[in-house]
Protein chains: 2
Amino acid sequence: MQKVPGSHRDLLKAQFATLATVGASGRPQQSVVWFLAEGDDIGISLSNSRQKTANLQRNPTCSLLILDPTNSFRYLEVRGQAKITADEGYVFATKVGAKYGADLRQYDAPGDTRLIVTIVPERVRAVDMSG
Amino acid sequence: MQKVPGSHRDLLKAQFATLATVGASGRPQQSVVWFLAEGDDIGISLSNSRQKTANLQRNPTCSLLILDPTNSFRYLEVRGQAKITADEGYVFATKVGAKYGADLRQYDAPGDTRLIVTIVPERVRAVDMSG
């Protein structure tokens, strides 16, 4: 399994990432997501009602890009496969909410359920073009 | 053709975007790119030696996401098809360089050529979750 190198580990604590998934037509889609890294595991809390969730359930291949908010020449891209599990009781969503000072339930419609998307890395790109 | 709504047109002047392409294996890839908007046309100057260029030549479907650098809840995603033309004489690359105060030739290896990638929009998503 590929690891995030020391040069870019600070980005695992950043606030925002862009997630790329592949739609039913084979076209890529991107959105901005919150994430939580625990060690090298990067997790995202998604509602079952979202388009990106449907994409990942159909086709788990994805890419997560974390941009250094203070230096746009520096970023981390993790390409991999989404492993999706149920987040019953909002256990993981609560951990993510703690990082952001937010209650993720407020973003969900009645009847929504939460899923934990863990990215199993296949390729890690640590980019720094500012040198 | 879908247009960028007035609420998000300021983002066409932003500095950075993430470009998602699809690799030979069908997996999405992301990278941070410079871009130049002329009216509603969003163009990217790419060297022929880059992986993302090879991806777009094989499969022109792509997504460009422009994040508001001052408000990460607000962004523009343009999904579409890349139209690729030769940039002989670095005419477009020079325009892009003028936006960034940079000479794009300095990023190219000997023998590289420049291409103009124009995104023909199929879907424009103007997102603002900060409200």
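Residues numbered from 1 in each chain as written. Chains lettered and ligands numbered in written order. Predicted model: local features only at pLDDT ≥ 70, side-chain atom pairs only at ≥ 80, totals over all residues. Heavy atoms only, no water.

Student: How should I be thinking about the sheet that holds strand E4 (residues 41-47) of chain A in this particular structure?
Tutor: Backbone hydrogen bonds are what pair the strands of a sheet, in a parallel or an antiparallel way. Residue and element names in this part refer to chain A. Strand order in the open sheet formed by seven strands is E2-E1-E5-E6-E7-E4-E3, and the pairing between neighbours is antiparallel. Of all strands in the sheet, those bounded by a partner on one side alone are strand E2 (28-33) and strand E3 (36-38). Strand-to-strand twist in this sheet, taken as the mean axis angle between neighbours without regard to direction, amounts to 30 degrees. When E4 meets strand E7 (residues 114-128), the two strands line up antiparallel, connected through six bridges. When the bridges of E7 are listed, Ser 47 appears paired with Arg 114. This element, helix H2 (residues 91-100), spans E3, E4 and E7 of the sheet and lies at about 105 degrees to E3. (Pairing = 2+ DSSP bridges. Helix = DSSP H or I, 4+ residues; strand = E, 2+ residues; numbered from the N terminus. Axes fitted to C-alpha atoms, helices over the stretch in contact; angles between N-to-C directions. Contact = heavy atoms within 4.5 Å.)

Student: I tried to follow the relation of the copies chain B and chain A on my own but got confused; where do I start?
Tutor: A rotation about an axis combined with a shift along that same axis relates the two copies of the chain. Mapping chain B onto chain A calls for a screw motion: a turn of 180 degrees about the axis and a shift of 0.0 Å along it, with 0.0 Å RMSD after fitting. Overall, the copies show the geometry of a two-fold rotation axis. The overlap is high: 100% of the interface residues of chain B also sit at the interface in chain A, so the same surface is used on both sides. (Least-squares fit on C-alpha atoms with pLDDT ≥ 70 in both.)

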